[in-house]
Structure formats: structure tokens, C-alpha cells
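Chains, contacts and geometry: an overview
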Amino acid sequence: MNQFPGQDEEQGDVTALVCLEADMQDGQMKEVSVEDQKVLLVRTRGQYSAVGSQCSHYNAPLVKGALVGDRVRCPFHGACFNVRSGDIEEYPGLDCLPNYKVKVQDGKVYVSISRKSLKLTRRVKEMSSRVPGVNHTILLIGGGPASLVCAETLRQNQYQGRIIMVTKDTLPPFDKPKLSKALNLDSSDILLRSIDFFQQHGIEVWTQKEAVSVNPSDKMVKLSDGTVQHYEQLLISTGCRARPLTCPGWDLRGVKLLQTHEDAKEIHSSCVGQRAVVIGASFIGMEVASYMSDKAASVVVVGTSVYPYEQSLGPEIGKMSMQMLEEQNVKFYMNDRVTEIRGENGQVKEVVLKSGAVLEADVVIAGIGVIPNSDFLAGSQVEVDSKKAVIIDKFMRTNIPDVFGAGDVTSFPLSIHGDQRVNIGHWQMAQAHGKVAALNMLKKLTKIDSIPFFWTVLLGKSIRYAGYGEGYTEIVFKGKVEERKFLAFYIKDEVVVAAASLMFDPAVSRLAEAMATGRLITKAQAQ
């Protein structure tokens, strides 16, 4: 091991010579090793810094990401980290990267890691806990990513009052995007934080409870168990629920919606070796069909458009996705709809389509959109829009003082869409909302300015997407969709408003960073 002069092994540091000072230019990244630990070495503005090499979300190699200024964006799902501090700046993921000491001496670059943290790949930000006698309560309704990040951000910013999170789920916050991608997961594989974590930081998590009404004038919330909880500040982050079927037979045994961890396990066990019909050819339906393709006896997808994702990703990518699943013997009935589900002894037996087709079915899974969980706000004066989404401003504030909103249940002004209000059900956006809500609760005025980023997985292949493509008028492709390796730019008014890719990393992360820094990319540049 190469040690630099004056290094004291007594300090318990492990030091390695990782490169020569002249080896890297500004704006370059390199993965280097200190003993067995991989480290991301970065040079910006003539200075070297070193942080953990793996994204704290799903361990993606950050060296393959997009470096802009002092932050690197993960190539897989768009999380961003400051390359000097290691702090997480954009989601998904919760934790920061470890940051390491760098020394440049005699034209050589050395990185030191303390021996006790040599094996760590992530760093939890320092957090306070509840201090007895501080009589202030922040109530978080909903147990999803917005509530979780809100609670953590409050504690990271030395909030010492009481934090209560109320969730109708049986589990504390869990990694919901995994449910439709791998249905047969143990709860221990999807929990975002341990029970110990919540206890350590004084965050109360009340499971299997729902808010039934809110009284802002008394600052009271009534819960489903009949109890009433007072708050000083309130976060509405109740998410959305799966839209149920309304056709005859919707209530037969074997007709399923995917919302909870229990639903996912149940769908998995009831589909294995059975005939599955998936209603809805958008992201949830396609992911479930993909997962079931090698487990169910047969899988059929019914969709109302010509191709899956036709509105969002366009017909070319929709057609490709359809072909991928057809190669795994998934059958599609597109441009069609369900008129009736027939059963025998209360159990589903067949699905009848408008075209006249009759599909044999043991299990029916519906993925036909979502409804915001805002019914409990009736009579509260909290404003909702025509689709029942809670209306919030850039600071996550509703029209009622001390009542904030975050995540999928809200409609909020999107900066890259001219501050027009949108409702976006992305995991990463809900986390960003939670952080911004917490900071504004603490009177640290902060606006939401995150770039929407999401991904979907079909047969182990990930399509990534960034931006906001609603109303796009044309798509410019790089690569070939039919070869399943492409980058698609969505164009509106001669500029790129969104991008999607398959096997083209880190292009979408690069575009997200360009958007985050306010750079417009024209159609001509995209071509």
C-alpha cells in the first residue's frame, strides 16, 4: 500500500495512492480502490474529491452517471449526490454517500478512509430526536415516500417536537415501486427503514389507521379508530388508490387490484400455474404481465389503445414493449375493453370483451389508473381540483394555513412546465415533495424544482424517462427502437420536454441534469 508521507497508521486510516494529479481533467470521474472499497474519484474546478461509488438507492455504479458541476446523477433512476460532501440532493434513495479524505502531494493523489467505515457504502445524515417538553406536533397522514422524507428532513434540521405518521398499511414505509416488478417479496426486503430507526429518531408510526376527517379551525384530525389527534402542522400525503373496475362481475373472487404488499403476495400465489388476465396496458399492468409471463399458465393483456403506453411513450416504444412480451407468450387484446366478468360459484371464470372475445380466466388483475385519496378532506375547506387532487403551491402549502400537501395526492406547479399545475405519480417526486414540505414547515422557504424521473422494468430491461412530455407533438429517435437500444426525445414547440431510453445510459440522466440547470435543448440539437 502506498502511504503518503506523515500518514499515521495509529489514526486507523487506510490510505491508497489512486492516481497522478495529471491523470484526470475537470469534469471527469473514475472508480478507484482503497483496499477492497470502491471509491468514486472526481475532479471539478481543479480539485479532487472522493465519495462512495454506489448510489444509495439500488447500488448503481455512479461512475456511469452524469456529472454536472458538483453533482453526479445516477444513470439508473436519477438520484443526485454532491461529489464534495456526498449529500443526497435529488431522489430516489434516502441516504447520502460516505465522503473520504483526499490529499494531493508531489503530483500524486491519495484517498484515505477510516478503517472502521471501510465497509460502509452509504451514510445516514445526522438526525435529532424528540426532546421531552417540546409541545409541538407535526402530523403526517400517509405512510409513503413523501411522509418518510418529510419526517427525516425535520429531524435532520433539528426539529425536536413530536412527529406522528399515520398509515392505513400494515407496514411502515416500504419500497412500493418494487411491488409490481417482483410481486413475491418478503416485507423485510421492501422496508425503507427499520422499526429501530423510527424509535431512535422519535418518529411515531401508527399503522392500520386512516384519517376520516380534518378540522383545520381546531387543528384536529379524526382517525378511523375513533380517536382524535391534535396537530400544529399537518401533511396530507395519502397518495392514490387503484381505480376499481365497474363492469358487472367486478366483485367476484379472483378479481384483484395491486395496492399493498399483501395484494402483491396474493396476486403472485393466485397466478402461479393459472390463467391470468391483466386489464390495462400501462405501467402497472405491463409490469405485472411481464413478471407473470414465466409463472402463470397463460397471460393476456387487455388495453384500450392500439399499443401500450401510447399516450405517454408513443406508439413506437409501445409496439416494441408489446413485442417483448409477446415473445414470452403474453397475448394482447388491444383497442378493446372489458364489458363483463363472468364467474361460477362466486369465482371468476371468464372475461368478456366489447369485441365479442371471451377470455378464460382464473385471476383478473386491474391496472386502470388511480384515484387521489382525498375523500376525508370533505368539509375541511382544503381545496382539491376536479380530479380530487389536493391543490398546493411551490412551497407545498394548501390554501389552509399550517396544512401542507405532498406526493401523488397533490396537484402542484411544475417549473419545467411553465409552473402549470400537474399531478405526477413518480416515487422520486413524492420524496422531493416531502423534503420541501419539511423545510417550509420549519420556515426555511424552499420551492419545489425537481425534474420528474421514473423508470419501468419489463423482463429485466429498464426504460427510463425524465421530464414532462404531456402535449408533445413529435418524437426524435437516436438508435433504433426495433433493436431495443434507443434514446427518444419528446418535442413540443421545437424544444425537448422529455426523454426516454432503453440501453442508452446515462442519456436520460444527462437530459435531467440539463433541465435541472435550466438549459433548453432544441429539436435541432436533439437531431
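Below you will find a few notes about this structure.

Describing the environment of Pro372
Residue placement: Pro372 occurs in strand 27 (residues 370-372). A residue is classified by how much of its surface remains accessible, and Pro372, at 7% relative accessible area, is buried. Non-local contacts of Pro372, meaning those with residues more than four positions away in its chain, are made with Gly239, Cys240, Arg241, Lys387, Lys388, Ala389 and Val409.

Overview of the pairing of strand 9 (residues 99-105)
Taken together, the two bridges between strand 4 (residues 47-52) and strand 9 define a ladder with antiparallel strand orientation. By the bridge assignment, Ala50 is partnered in strand 9 with Tyr100. Where strand 9 folds back onto strand 10 (residues 108-114) in an antiparallel hairpin, the turn is made up of two residues, including Asp106, whose phi is positive at roughly 55°.

Quick look at the packing of helix 5 (residues 283-292) against helix 6 (residues 315-326)
Here helix 5 crosses helix 6 at 25°, and the two axes come no closer than 10 Å. Of the possible angle classes, the one that applies to helix 5 and helix 6 is roughly parallel. Relative to helix 6, the crossing made by helix 5 is left-handed. Facing helix 5, whose interface residues are Met286, Ala289 and Ser290, helix 6 presents Ser321, Met322 and Leu325. In terms of residue class, the contact of helix 5 with helix 6 is built from four nonpolar, two polar and no charged.

Brief notes about the sheet that holds strand 5 (residues 66-68)
Overall, antiparallel pairing links the four strands, which are arranged 5-6-7-8 in an open sheet. The strands lining the two open edges of the sheet, one partner per strand, are strand 5 and strand 8 (88-90). Neighbouring strand axes in the sheet, compared pairwise and without regard to direction, differ in orientation by 30° on average. Note that strand 6 (residues 71-73) and strand 7 (residues 80-82) share three bridges and pair antiparallel. Along strand 7, the bridge assignment pairs Val72 with Phe81.

What counts as what
- Residues numbered from 1 in each chain as written.
- Predicted model: local features only at pLDDT ≥ 70, side-chain atom pairs only at ≥ 80, totals over all residues.
- Heavy atoms only, no water.
- Helix = DSSP H or I, 4+ residues; strand = E, 2+ residues; numbered from the N terminus.
- Buried < 20%, exposed > 50% of the residue type's maximum accessible area, 1.4 Å probe, protein only.
- Contact = heavy atoms within 4.5 Å.
- Pairing = 2+ DSSP bridges.
- Axes fitted to C-alpha atoms, helices over the stretch in contact; angles between N-to-C directions.
- Parallel < 35°, antiparallel > 145°, perpendicular 65-115°, else oblique.
- Left-handed = near helix turned anticlockwise from the far one by under 90°.
- Nonpolar A, V, L, I, M, F, W, Y, C, P; charged D, E, K, R; others polar.

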